[in-house]
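Notes for the structure review
For reference, the chains in residue letters:
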Amino acid sequence: MSDGVTRNGLWAVDSDYSWEFSLDQGVTWTIGSGKSFEVKGDGPKMIWVRARDDAGNKSEIVVVTCVLDTMAPAPVAVSSSVDGFTRSLQVTGLEANAKWEYSLDNQISWHAGSGSALGTLGNGLSMVWIRQVDLAGNASASQVFDLQAAGSSMSHEASTNPLQPSKMAEGLLTMLIHGVVVRGDADYVRWDIPKNHRVKSVRLVRYVSEDAIAFYAIQSSNVFDAGVDVSRMLVYGHMGPADLNRNVLANISPEKLGEGPMTIWFQQTGTLPTEYAIEIILQAVN
């Protein structure tokens, strides 16, 4: 057993003997059956459990405390703003210690956000779902935002010029670069890492194409002038369905991920169109 806030009132018991539990600090006891029991009713709980043999001998009492919370939180509020080519979805209404998540595939899979907004730049995405998950793990109903809705369209074809990359707005901790690429249509996008921050992860979170291989490279610069010189690239390689949710910076030393600009190059070398979304997460450092 473990203490904490939980939405699951089912508790496992590992005992070679009969066992019993009490929810009122030993005033009354309930004989257990099997290997688990369920506690119901939201709120703080103090649970006592002990074993007993056929002769009536009782073991020491195991005590665990928890807060049972099975109620879903309220939906978050999502508001939109535009800064340059970046559309930001500001998330408010989070419960204390709750986190927010977003989905790009009609709520089939969810990705944890950081900070208070999701910044998007590109022309590949339309629908984004956002929800909150409370400390106990209960998820709210989701809010859906259409990036292409009438009056809110913010479709931006990322720059094809490595010396003039499109630029993400500053002040965001969660960013999505998204687009549709084919042979001869490379995307170059830059983001800036502020002082006392570093890049936590860069992950492919969406890939829709019959061609399972695309190419990416990242340079620590405000332009991508490395050409094909891999020694000047921070990281490079292929991207496809097998790489979904893999942090491509996982093996890069933290001192190379701090303050300054970064520019990504994403390209499909084949003739089949590829829809993609790449997530960048920044984090504060001491």
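Below is a summary of the structure that appears in this document. What you see is a predicted model, and the numbers here were worked out from it, not measured in a lab. (Residues numbered from 1 in each chain as written. Predicted model: local features only at pLDDT ≥ 70, side-chain atom pairs only at ≥ 80, totals over all residues. Heavy atoms only, no water.)

Inspection of the entire model under this criterion finds eleven salt bridges. Note that R131 is salt-bridged to E101, the shortest N-O span being 2.8 Å. Taken together, the residues span a long stretch of sequence, with R131 in strand 13 (residues 127–133) and E101 in strand 10 (residues 99–103) at a distance of 30 residues. Summarising the burial analysis for this pair, R131 and E101 share the class buried. Two residues, E275 and R206, come together in a salt bridge whose shortest N-O distance is 2.9 Å. With E275 in strand 22 (residues 274–284) and R206 in strand 18 (residues 197–208), this residue pair connects regions lying 69 residues apart in the sequence. On the accessibility criterion, R206 (22% relative accessible area) is partly exposed. Here the salt bridges do not stand alone but share partners, grouping K167, E170, R190 and D192 into one network. (Salt bridge = Lys/Arg side-chain N within 4 Å of Asp/Glu carboxyl O. Helix = DSSP H or I, 4+ residues; strand = E, 2+ residues; numbered from the N terminus. Buried < 20%, exposed > 50% of the residue type's maximum accessible area, 1.4 Å probe, protein only.)

Our focus in this paragraph is the packing of aromatic side chains. Tallying each qualifying case throughout the model produces nine aromatic pairs. A ring pair is formed by F21 and F37, whose centres lie 4.2 Å apart and whose planes are at 10°; its orientation type is stacked. One end of the pair, F21, is in strand 3 (residues 18–22); the other, F37, is in strand 5 (residues 36–38), and 16 residues separate them in sequence. When sorted by exposure, F21 lands in the same class as F37, which is buried. By the ring-pair criterion, three or more aromatic residues cluster together here, those being Y188, F215, F224 and W265. Just above the ring of W110 sits the side chain of R131; from NZ or CZ to the centre is 4.0 Å. (Phe/Tyr/Trp six-rings, centres within 6.5 Å; stacked < 30°, edge-to-face > 60°. Lys NZ or Arg CZ within 6 Å of the ring centre and 35° of its normal.)

The next subject is the side chain of S22. Inspection of the secondary structure puts S22 in strand 3. Look at S22 and you get buried, because its relative accessible area is 0%. Here D24 takes part through its side chain, which lies 2.8 Å from a polar atom of the side chain of S22. Here the side chain of S22 touches T28 through a polar contact of 2.8 Å, landing on its backbone oxygen. Beyond its immediate sequence surroundings of up to four residues, S22 is in contact with V27, T28, W29, M46, I47 and W48. (Polar contact = N/O pair within 3.5 Å; in protein donor to acceptor, adjacent residues only side chain to side chain. Contact = heavy atoms within 4.5 Å.)

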